[in-house]
Amino acid sequence: MANRAGGNNPAAEGFDREGSDSLAIVWADAVMKAQGGREAWDNTRYIGWNFFGNRKLLWDKHTGRVRIEVPKENNTYLINVNDEQGRVQVGGREITDEQERKEWIDKGRQIWVNDSYWLVMPYKLKDSGVTLTYAGKDTLAGGKEAEVLELRFKEVGYTPQNKYRVYIDPADSLVKAWAYYENAAMDTPNFMSPWQDYQQHGNILLSENRGERQITDINVSENVDETLFEEF
């Protein structure tokens, strides 16, 4: 297993190293390496995607700026998920009331937390607040063997009571499925979905296929039109 380690892949500040186990960390590092490596991930700046045909997002990883478009509601969020500042247009009208604006900015941040996790979760196995443990071996659809990691959360995010199990293909160290549990005490997941169709985007790999739903229009770039973060 040692040769699978991902090299320089330090955990985020606040990662529960004490509660996590060494084998799980080795596999997390292997996943990072398989998807392009930590340096490539850190240097990735702009990521755009369409979340299940419902929302369009553009994320500046380096500054926290996010543009979210919800065409069905005619809503646009121009927010910074780091400092929770920004502007929001609802039904084509910009929100000017300060309290209402803060509530909509928080809603936009929740959208980003959810939609980005569905896209880049494998890069976040050693995130702040995560407790990562090895859950043994299991099988993927089709009978292929998988190594299973369990993620639990400590006072982080909007739903810290959740847990996930991620299924890693030992042949290429890529996450090929995940299971979601609304409550960490649950034994049966609320759902399980595949992570398939990995494609190279910039210097990293991202998966598009979530079974019945797809993440489309994935784009990784070094430069974008800055007005996309400033103008509706």
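Structural data are supplied above this passage.
One structure accompanies this document, and this report is about it. (Residues numbered from 1 in each chain as written. Predicted model: local features only at pLDDT ≥ 70, side-chain atom pairs only at ≥ 80, totals over all residues. Heavy atoms only, no water.)

1. Structural notes on the overall build of the protein
- From N to C terminus, the protein includes 3 helices and 14 strands.
- Its C-alpha atoms give the protein a radius of gyration of 18 Å, near enough to 17 Å, the size a compact globule of 232 residues would have.
- Buried positions account for 48% of the 232 residues belonging to the protein.
- Within the protein, contacts between residues separated by at least 24 positions form 45% of all contacts whose residues are at least 6 apart in sequence.
- Summed over all atoms, the accessible surface of the protein reaches about 11500 Å², with 43% contributed by carbon and sulfur.
- Looking at charge distribution, the protein has the averaged site of its 28 positive side-chain charges lying 2 Å from that of its 38 negative ones. (Helix = DSSP H or I, 4+ residues; strand = E, 2+ residues; numbered from the N terminus. Rg over C-alpha atoms; globule rule 2.2 N^0.38 Å. Buried < 20%, exposed > 50% of the residue type's maximum accessible area, 1.4 Å probe, protein only. Contact = heavy atoms within 4.5 Å. Areas by Shrake-Rupley, 256 points an atom, 1.4 Å probe, with all protein chains shown as cover. Lys, Arg positive; Asp, Glu negative; His and termini not counted. Charge placed at Lys NZ, Arg CZ, Asp CG, Glu CD.)

2. A short note on the environment of Asp138
- On the secondary structure map, Asp138 appears in strand 7 (residues 130–139).
- Taking the relative accessible area as the measure of exposure, Asp138 reaches 35% and is therefore partly exposed.
- Expressed as a C-alpha distance, the spacing of Asp138 and Arg55, which sit 83 residues apart in the sequence, is 33 Å.

3. What to know about unusual backbone geometry
- Phi is positive for Ser173, which is not a glycine, with a value near 65°.
- Along the polypeptide, Ser173 turns up in the loop between strand 9 (163–169) and strand 10 (174–181).
- Of the residues examined, Ser173 reaches a relative accessible area of 6% and is grouped as buried.

4. A few points about the environment of Pro10
- Relative to the assigned elements, Pro10 resides in the segment before helix 1 (22–34).
- With a relative accessible area of 42%, Pro10 lands in the partly exposed category.
- With 28 residues separating them in the primary sequence, Pro10 and Arg38 have C-alpha atoms 8.7 Å apart.
- Excluding anything up to four places from it in sequence, Pro10 contacts Arg38 and Lys126.

5. What about the sheet that holds strand 5 (residues 85–90)?
- As summarised here, the arrangement of the 9 strands in space is 6-5-4-3-2-1-14-13-12, forming an open sheet in which the pairing is antiparallel. Lying at the two open borders of the sheet, with one neighbouring strand each, are strand 6 (93–94) and strand 12 (196–201).
- Of the pairings in the sheet, the one linking strand 1 (residues 46–51) to strand 14 (residues 213–221) comprises 5 bridges and is antiparallel in character. Counted as the bridge partner of Phe51 is Ile215 from strand 14. (Pairing = 2+ DSSP bridges.)

6. A short note on the pairing of strand 12
- Strand direction decides the pairing type here: strand 12 and strand 13 (residues 204–210), joined by 5 bridges, are antiparallel. Along strand 13, the bridge assignment pairs Gln196 with Asn209.
- Between strand 12 and strand 13, which pair antiparallel and follow one another directly, the connecting turn spans 2 residues, one of which, Gly202, has a positive phi of 65°.

7. With respect to the pairing of strand 3 (residues 65–70)
- Where burial is concerned, most of strand 3 is hidden: 5 out of the 6 residues are buried.
- When strand 2 (residues 55–60) meets strand 3, the two strands line up antiparallel, connected through 4 bridges. Bridge pairing in strand 3 places Trp59 opposite Val66.
- Across 6 bridges, the pairing between strand 3 and strand 4 (residues 75–80) is antiparallel. Counted as the bridge partner of Ile68 is Tyr77 from strand 4.

8. Notes on the pattern of salt bridges
- Taken as a whole, this structure holds 19 salt bridges when the rule is applied.
- The partner of Glu226 in a salt bridge is Arg65, and the shortest N-O contact between them spans 2.6 Å. With Glu226 in the segment after strand 14 and Arg65 in strand 3, this pair connects stretches of sequence that are 161 residues apart.
- Between Lys144 and Asp169 there is a salt bridge, with the nearest N and O atoms lying 3.0 Å from each other. Of this pair, Lys144 sits in the loop between strand 7 and strand 8 (145–153) while Asp169 sits in strand 9, placing them 25 residues apart in sequence.
- Because the salt bridges share partners, they merge into one network encompassing Arg45, Asp60, Arg65 and Glu226. (Salt bridge = Lys/Arg side-chain N within 4 Å of Asp/Glu carboxyl O.)

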